[in-house]
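Each chain, written out:
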Number of protein chains: 2
Amino acid sequence: MPPKPLDYESLNENVKKVAYAVRGELYLRASELQKEGKKIIFTNVGNPHALGQKPLTFPRQVVALCQAPFLLEDPNVALLFPADAIARAKHYLSMTSGGLGAYSDSRGLPGIRNEIAEFIKRRDGYPSDPELIFLTDGASKGVMQMLNSIIRNDRDGILVPVPQYPLYSATISLYGGSLVPYYLEEEENWGLDLDNVKKSVATARANGITIRAMVIINPGNPTGQCLSEANLKEILLFCYRENLVLLADEVYQQNIYQDERPFISARKILLDMGPPISKEVQLVSFHTVSKGYWGECGQRGGYFEMTNLSPQTVDEIYKVASVSLSPNVPGQIFLGLMVNPPKPGDISYLKYSAESKAVLDSLRRRAHIMTDGFNSCKNVVCNFTEGAMYSFPQIRLPPKAIEAAKKAGKAPDVFYCLKLLEATGISTVPGSGFGQKDGVFHLRTTILPAEQDMPAIMASFKKFNDEFMEQYENYRGFSRI
Amino acid sequence: MPPKPLDYESLNENVKKVAYAVRGELYLRASELQKEGKKIIFTNVGNPHALGQKPLTFPRQVVALCQAPFLLEDPNVALLFPADAIARAKHYLSMTSGGLGAYSDSRGLPGIRNEIAEFIKRRDGYPSDPELIFLTDGASKGVMQMLNSIIRNDRDGILVPVPQYPLYSATISLYGGSLVPYYLEEEENWGLDLDNVKKSVATARANGITIRAMVIINPGNPTGQCLSEANLKEILLFCYRENLVLLADEVYQQNIYQDERPFISARKILLDMGPPISKEVQLVSFHTVSKGYWGECGQRGGYFEMTNLSPQTVDEIYKVASVSLSPNVPGQIFLGLMVNPPKPGDISYLKYSAESKAVLDSLRRRAHIMTDGFNSCKNVVCNFTEGAMYSFPQIRLPPKAIEAAKKAGKAPDVFYCLKLLEATGISTVPGSGFGQKDGVFHLRTTILPAEQDMPAIMASFKKFNDEFMEQYENYRGFSRI
C-alpha cells in the first residue's frame, strides 16, 4: 500500500522540519508529570495569567459589556460597572457594524487602527498612518504573514538573532526559507555586535543565499536585553546599505526593568535618521496585548505597522489577510484599550494605574530575585533581565554530565532540564531550543511565577543544581550514582 | 536601484497569485461608495450580525462573565445574569488555567474538546476522540493549516468543487499547490456528479498532477445544496479507491431550509460504511461558531476533527499549531456553548430555544423570498437554497451586455454586479470569484438582509435587472444609452 496523503511519510517536508521548543519535549514531559499528579511550575511560556497574574479590571469590564450589549440597557448595569467602562463599551461598539459577532474589515476595525496610530504618534513623536496598521490574532500571526510574503524559496535568507524566539526558526522552516543566524554577545549583556551580523551575511552569501530581511527582538527574547539607540542606528544603516527589510519584534516594549536603557522603537530611530534612510528602509513593527502588564495572551490581539511599503504591497498583504476574513474582534478591543487606557480624571484611572504599576513593579523585583538566584548557583552565570519576561542563565555543565547526556541520547541542556523538571517540577526550555554557541549551554525560564513563591522556587533550583554539579564533577560512572 | 524585498516585484509569487473575490473589486468599490455616503447592503460576506442579526443571549452572558470573573463574587451579579449563565461561566473558567487571558494548550482547552467530542457522538452515533479535535481561530485557519500540511509542491493537486468558496483557491495558491476543479451540476440543483470528478482527475493526472485531497462543502457555498447520503457514500468510496484525503467543510451544518435532505456528516457515512473503508479513508471535518443560528463570525471560533490520521501526523499538526501558541480562548468558550447549549429544564432554555428558532425560521423564509424573487426576474434562474447562507442565481447576459463589459475592460459578471451596486447599493460577489462554466454568469448574495427589508431589496434588484436586460437586449451602441 502506498502511504496516504496525510501519513507522516507524505506530509509537506517543511512541516516536518519545523521545530518548536517552547512546547517541545520538556513541555510534553511536564504535561505527563502533571497528569500523574506532580505539581509543575510552568515557566516555559510567557503566559502570565497561567501563573496567577490577575487581569486589569477596566479592560475586562469594557470587553464584558461589549460581549453583552443588552446589559447597556439594563437599569442595574451601574451596580456592576463604572460609568467610564459603560461609555467606553459604547464607544467601541459604535466602531463595529454589528458588535463583536460581526467580522471586521480584514485589517481590523478602522476606529481601533486610528487609536493605535495616535498611540504610536505619542510614543515616537511622528505621525502614523492607520492605513498601514493591520490587526492580527496575536503578533505571531502577523510575523508569519510577513515572512510568508518575503520568503520565495530556500535561497531566501532571514537574519535572526541567536539565541532567538523559535517562532522565527519555526516559521522560516514552514515557509521553506533559510534562517541566517547572527550571534548575540553573552559577555556584552547579550548586545548585538554588528560585526557578527556582517560575518553571518558574508558566509550566507558565499553559500548562495539572498538575504532579504533582518529580525530584531527588542527587548530580547529569551535574552532580555534592551537595544541602545546607537545599536538601533547602526542596524538601520546596515539594512539601508544591504537592502534588507527590518522586522522589529517589539512585543515586550512595556516590560522594562531598569532605567538606564528605556525602550526606543525602531521606527522612531528610523524617522530620526532623516532622508534618504527614513524614506527607504522597509520596516515592519509588531506589538501585542499578550505581554506588558496586560498579559492577555489568550485573547490573541496583535498588530503590525508597516513603514516605507508601497501601496501595491500593502494591497497584497490586505488581500492575503482577507482570506481568513478578520482577526478576532474582542482581541481588537483589547488593543484599543491598551493604546488608549483610562486617563487622569477618569473614574477608573486610579485603579487602572495602581493595578498596572503593581504588576510592573513586581516583575522588576522578580527579575532581580531570579538573576541573583541563578548567579548564586554553582556553575551558573546569568545576565540581568533588562526587559521582556525571561531569564536565560548559562549552565556550565561538567564534562561528565555531557557524557551522561550522550549516553542517555539527549542533548546536554535537554538532559539537565529534564532532570530539573523531574526533581523540582520546574518546567523550563533548554537553550538549544533558541540556539546557542557550540559547547555552551543555557535554559530559559520566565520571571512570571508569583513573587511570594519566587524564593522557594530559586531555593529548589539551587538545591537541584548544586547537587547535580556535585554529582557530575565527582562522577565515576553509573555504578556510583 | 534594485527592488526592495517588500516591493511588489520581489514578493513571494504565491502571494501575488492569491485571488479572493469575497473582498475583491466589488467589495472595495462598495466600501468607497459607503464612504461617499451611499447606503450599501453588504451581501458579499456571510456576516449575519453585520446585517442586524442579534446574538443569542445565553452564550453572550456566559462569555461576558468569563471576561469579567470578578463579577462572579459581586452580590449584585444575579440582578444582571441568570443562575445558569453564572454556573456555566464557572464551569468554563474551571477548564482554563488562568481564565481567558492565559494561552490554552495549542489544540484548545481539553474540557471544550471533550464537549465537542460528546456533541459529535450524539450527532453521528459513533464515539469521537477529543485528542483528534483541534480548536482554531475560525474554521478558515484550520483549512489553511491542513492544506499547508498536504501541499508539497505545484504538482500536488486538490480537488475543489466549482463554484467554490474562494478560501480554497486562495489557500492553494498561497501554498503553491494546484487546484483541480470539478464542476457541480446547476441543472441538477448543484448536485455532485462523480463522473465529473473522475474526468477532472483523469485530466489532471495526464498533466502530471498527483491528486492528494478532495474538498466537499456541505451544505454548499455558494451553491446551497445538501449532499445526499448516496452522494456522500460514492465520494468516500472514490477517496478510498484513489487514496485521497477528504476535507469536509461542514460549517453550515445547522443552516438547513428544507426537510427532505437533512445534513449528514461525512464522518457518519464513513463510519457507517464499515471496514476497510471506515478504517482507511483519511477525513478532516471543519465546523465553526460563525454560521448556524449563531453567526458569531467576529469571535473566530472553529475546530477540525481528524479521522484515520496516524498519531505521528497528529503530532506534526500539533507542533505547527503550537507555533502560534493557542487559538483565542473566548472563541473556544463559544464553541463549547454551541455544542452544549442549554437543556430543557435549564433557566435559559426557553429563551435560548426561542431565539435560535426565530433565526432559523426567518432564514428559511428568506431563502424562499430570495429564490422566488430571482426567478421572477428577466433572464435570471436560481436554484433553491437548501442550506448554507447564499443564493447563487444564474444571470443570462445578452451578447450586447457582454460586449459592453469587454469595452469597459471588465468580466461580464463583474460589469453586471458593479452596475447593480451603483444602481441599488446591493453589494454582491460576481460568479467568476467562485468559478463557473465558460460563458455562464452568476452572482452570489447572502440571504442575510433583515427579513422585513427583503421584499424591498428584491424589488430593487428586479427593477435594476429588468431594465438592464431591456437596455442590452435593445442595445444599438453607446450613442443610444
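Here the structure is a predicted model, which is why all the values come from computation and not from measurement.

Definitions and cut-offs
- Residues numbered from 1 in each chain as written.
- Chains lettered and ligands numbered in written order.
- Predicted model: local features only at pLDDT ≥ 70, side-chain atom pairs only at ≥ 80, totals over all residues.
- Heavy atoms only, no water.
- Helix = DSSP H or I, 4+ residues; strand = E, 2+ residues; numbered from the N terminus.
- Rg over C-alpha atoms; globule rule 2.2 N^0.38 Å.
- Buried < 20%, exposed > 50% of the residue type's maximum accessible area, 1.4 Å probe, protein only.
- Contact = heavy atoms within 4.5 Å.
- Areas by Shrake-Rupley, 256 points an atom, 1.4 Å probe, with all protein chains shown as cover.
- Buried area = accessible area lost by both parts, 1.4 Å probe.
- Salt bridge = Lys/Arg side-chain N within 4 Å of Asp/Glu carboxyl O.
- Nonpolar A, V, L, I, M, F, W, Y, C, P; charged D, E, K, R; others polar.
- Patch = residues over 30% accessible without salt bridge, like charges linked within 9 Å, V, L, I, M, F, W, Y side chains within 5 Å.
- Lys, Arg positive; Asp, Glu negative; His and termini not counted.
- Charge placed at Lys NZ, Arg CZ, Asp CG, Glu CD.
- Expected span 1.5 Å × (residues − 1).
- Arc of directions from axis to C-beta.
- Pairing = 2+ DSSP bridges.
- UniProt positions renumbered as here; feature names shortened; annotations may be inferred.
- Disulfide = S-S within 2.5 Å.
- Least-squares fit on C-alpha atoms with pLDDT ≥ 70 in both.
- Phe/Tyr/Trp six-rings, centres within 6.5 Å; stacked < 30°, edge-to-face > 60°.
- Lys NZ or Arg CZ within 6 Å of the ring centre and 35° of its normal.
- Axes fitted to C-alpha atoms, helices over the stretch in contact; angles between N-to-C directions.

> Explanation requested: the overall build of chain A in the structure shown.
When helices and strands are counted, chain A shows 18 helices and 14 strands. Relative to the compact-globule value of 23 Å for 481 residues, chain A shows a C-alpha radius of gyration of 23 Å, a close match. Oriented by its inertia axes, the alpha-carbon framework of chain A measures out at about 75 × 60 × 55 Å. The burial tally for chain A puts 66% of its 481 residues in the buried class. Contacts spanning at least 24 positions in sequence make up 72% of the contacts within chain A whose residues lie at least 6 apart. Summed over all atoms, the accessible surface of chain A reaches about 16900 Å², with 53% contributed by carbon and sulfur.

> Would you mind going over the interface of chain B and chain A with me for this structure?
How big an interface is tends to be reported as the loss of accessible area on association of its parts. Contacts between the two partners involve 99 residues from chain B, matched on the other side by 99 residues from chain A. Carbon and sulfur atoms supply 58% of the area buried between chain B and chain A, which totals about 8200 Å² over both sides. Among the residues chain B hides against chain A, the three largest losses belong to B:Leu6, B:Leu80 and B:Tyr103. Together they make up 10% of the total. Here B:Lys4 ties to A:Glu280 by a salt bridge, and the two come within 2.8 Å at their closest N and O atoms. Contributing elements (two or more residues each) for the side of chain B that touches chain A: α1 (13–17), α2 (25–35), α3 (57–67), α4 (77–80), α7 (139–150), α8 (166–174), α13 (311–323) and α14 (329–339) of chain B. No other element matches α13(B), which puts 8 residues into the side of chain B that touches chain A. Residues that form the side of chain B that touches chain A fall into these classes: 50 nonpolar, 31 polar and 18 charged.

> Just checking my understanding: could you explain a negative patch on the surface for this structure?
Together, A:Glu187, A:Glu188, A:Asp193, A:Asp195 and A:Glu234 give the surface a local cluster of negative charge. Checked against the element boundaries, A:Glu187 lands in the loop between β4 (178–183) and α9 (194–206).

> Explain α9(A) here, please?
The periodicity of an α-helix, 3.6 residues per turn, causes residues three or four positions apart to be oriented the same way. Residues and elements named next belong to chain A. With 13 residues, α9 ought to run about 18 Å at 1.5 Å a step, and its terminal C-alpha atoms sit 18 Å apart, in line with that. Every buried residue belonging to α9 is among Leu194, Asn196, Val197, Ser200, Val201 and Ala204, and all of these are buried. The buried side chains of α9 occupy one side of the element, clustering within an arc of 150° when seen end-on. Exposed residues lying more than 90 degrees from the buried face of α9 are Lys199 and Ala206. The inward-facing, buried residues of α9 contact β3 (156–162), β4, β5 (210–217) and α10 (229–242). Following α9 by one or two positions, Gly208 adopts a phi angle in the positive range, close to 85°.

> It is not clear to me how the pattern of salt bridges should be interpreted in this structure. Could you clarify?
When the charged atoms of two side chains with opposite charge come close together, those side chains can pair. Within this structure, the stated rule accounts for 54 salt bridges over all chains. Linking A:Lys233 and A:Glu229 is a salt bridge whose minimum nitrogen-to-oxygen distance equals 3.7 Å. Of the two residues, A:Lys233 and A:Glu229 are both situated in helix α10; the distance of 4 residues between them amounts to about one turn of the helix. With relative accessibility at 37%, the residue A:Lys233 sits in the partly exposed group. When its relative accessible area of 37% is taken as the criterion, A:Glu229 is described as partly exposed. Among the salt bridges present, the one from B:Glu242 reaches B:Arg205, with a minimum N-O distance of 2.8 Å. Note that B:Glu242 is positioned in helix α10 (residues 229–242) and B:Arg205 in helix α9 (residues 194–206), a separation of 37 residues in sequence. What emerges from the salt-bridge pattern is a single network uniting A:Arg123, A:Asp124, A:Arg267 and A:Glu305.

> It is not clear to me how the sheet that holds strand β10 (residues 390–391) of chain B should be interpreted in this structure. Could you clarify?
By definition, the strands of a sheet pair up through backbone hydrogen bonds, in either a parallel or an antiparallel sense. Residues and elements named next belong to chain B. Read across the sheet, 3 strands follow the order β10-β14-β13 without closing on themselves; strand pairing throughout is antiparallel. Only two strands of the sheet have a single partner each, and these edge strands are β10 and β13 (429–430). Sheet topology note: the β10/strand β14 (residues 443–446) ladder contains 2 bridges and is antiparallel. For Tyr390, the partnering residue across the bridge sits in β14 and is Thr446.

> Would you mind showing me how to read the UniProt feature "domain: Aminotransferase class I/classII large" (unreviewed entry) in chain A here?
Here, the residues flagged by UniProt with the feature "domain: Aminotransferase class I/classII large" (unreviewed entry) are residues 88–449 of chain A. Across residues 88–449 of chain A one finds 43% helix and 15% strand; the C-alpha atoms that close the span lie 32 Å apart.

> What is the right way to look at the state of the cysteines in this model?
Where two cysteines share a covalent bond between their sulfur atoms, that bond is called a disulfide. In the structure shown here, the tally under the stated rule is 0 disulfides over all chains. Left unpaired, A:Cys66 is separated from the closest cysteine sulfur, that of B:Cys66, by 16 Å. The buried category is assigned to A:Cys66, whose relative accessible area is 1%. With no disulfide partner, B:Cys239 has as its closest neighbouring cysteine sulfur the one in B:Cys226, 19 Å distant.

> I'm lost on the relation of the copies chain B and chain A in this one. Help?
Relating the two copies of this chain is a rotation about some axis coupled with a shift parallel to it. Expressed as a screw transformation, the operator carrying chain B onto chain A has a rotation angle of 180° and an axial translation of 0.0 Å, and the superposed copies differ by an RMSD of 0.0 Å. Classification of the inter-copy transformation places it as that of a two-fold axis. In terms of proximity to the rotation axis, the leading residue of chain B is B:Ala64, whose C-alpha is 2.1 Å off the axis. A symmetric contact is evident, with 100% of the interface residues of chain B recurring at the interface of chain A.

> When you look at the packing of aromatic side chains in this model, what are you seeing that I'm missing?
Two aromatic rings are characterised by how far apart their centres lie and by the angle between their planes. Scanning the entire structure with this criterion turns up 30 aromatic pairs over all chains. The interplanar angle of 75° and the centroid separation of 6.1 Å between the aromatic rings of A:Phe415 and A:Tyr472 together place this pair among those described as edge-to-face. Linking A:Phe415 in helix α17 (residues 412–424) with A:Tyr472 in helix α18 (residues 454–473), this pair joins segments that are 57 residues apart in sequence. Here the two residues A:Phe415 and A:Tyr472 agree in accessibility, since each one is buried. Taken together, a centroid distance of 5.0 Å and an interplanar angle of 80° make the contact between A:Tyr416 and A:Phe468 edge-to-face. Of the two residues, A:Tyr416 sits in helix α17 while A:Phe468 sits in helix α18, which places them 52 residues apart along the sequence. For the pair A:Tyr416 and A:Phe468, one class covers both residues: buried. Ring pairing ties together the aromatic residues A:Phe415, A:Tyr416, A:Phe464, A:Phe468 and A:Tyr472, which thus form one cluster. Directly above the ring of B:Tyr318 sits B:Arg107, whose terminal nitrogen or CZ lies 4.0 Å from the centroid.

> How should I be thinking about the sheet that holds strand β7 (residues 283–288) of chain A in this particular structure?
Residue and element names in this part refer to chain A. What the 7 strands build is an open sheet, ordered β2-β8-β7-β6-β5-β3-β4; its pairing is mixed. Both edges of this open sheet fall to β2 (133–136) and β4, since each of them pairs with a single strand only. The mean inter-strand angle of the sheet, taken between neighbouring strand axes irrespective of direction, is 25°. Sheet topology places β2 next to strand β8 (residues 302–307); 4 bridges connect them, and they run antiparallel. Each residue of the ladder has a partner; that of Ile133, found in β8, is Glu305.

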